[in-house]
Amino acid sequence: MSGKVPAPIGAVRAAFMDDDFIDDTISFLVENVIKPPGRWVLEQVGEPRPTETASLVTGLAFWAFVVFLVFALVLGW
């Protein structure tokens with residue numbers, strides 16, 4: 001036994017991923033995957049220039065609805 005204490009999982013994870021990578025990934029997903037469908041839905045219901053917050057909330061609701069539909073399709077509801 002060498003007497004060394006193994007590094008906690010968080011320390012190992014921190015060695016491979018930094019906060020900038022995670023922040024950039026989340027920002028990319030929000031800007032390119034979540035907001036555009038939300039903006040499109042709001043434009044379809046008559047809002048010519050939706051705000052960023054409204055686009056984000058509507059985009060999250062849109063993707064939640066898509067996931068629900070896929071789940072229902074897989075289960076055969």
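Details of the structure are given in the entry above.
Overview of the structure. (Residues numbered from 1 in each chain as written. Predicted model: local features only at pLDDT ≥ 70, side-chain atom pairs only at ≥ 80, totals over all residues. Heavy atoms only, no water.)

## Re helix 3 (residues 52–75)
Moving on, step 1. Compared with an ideal rise of 1.5 Å per residue, which puts 24 residues at 34 Å, helix 3 spans 34 Å between its outermost C-alpha atoms and is within 8% of the ideal.
Moving on, step 2. Looking at the buried positions of helix 3, the neighbouring elements they touch are helix 2 (19–44).
Moving on, step 3. Looking at the residues trailing helix 3, positive phi occurs at Gly-76, about 75°. (Helix = DSSP H or I, 4+ residues; strand = E, 2+ residues; numbered from the N terminus. Expected span 1.5 Å × (residues − 1). Contact = heavy atoms within 4.5 Å.)

## Description of the packing of aromatic side chains
Moving on, step 1. Taken as a whole and judged by the stated rule, the model has three aromatic pairs.
Moving on, step 2. Summarising the aromatic geometry, the rings of Phe-62 and Trp-63 are spaced 5.2 Å apart at their centres and angled 80° between planes, so their arrangement reads as edge-to-face.
Moving on, step 3. What makes Trp-63 partly exposed here is its relative accessible area of 34%.
Moving on, step 4. Aromatic rings pair up to connect Phe-68, Phe-71 and Trp-77 into one cluster. (Phe/Tyr/Trp six-rings, centres within 6.5 Å; stacked < 30°, edge-to-face > 60°. Buried < 20%, exposed > 50% of the residue type's maximum accessible area, 1.4 Å probe, protein only.)

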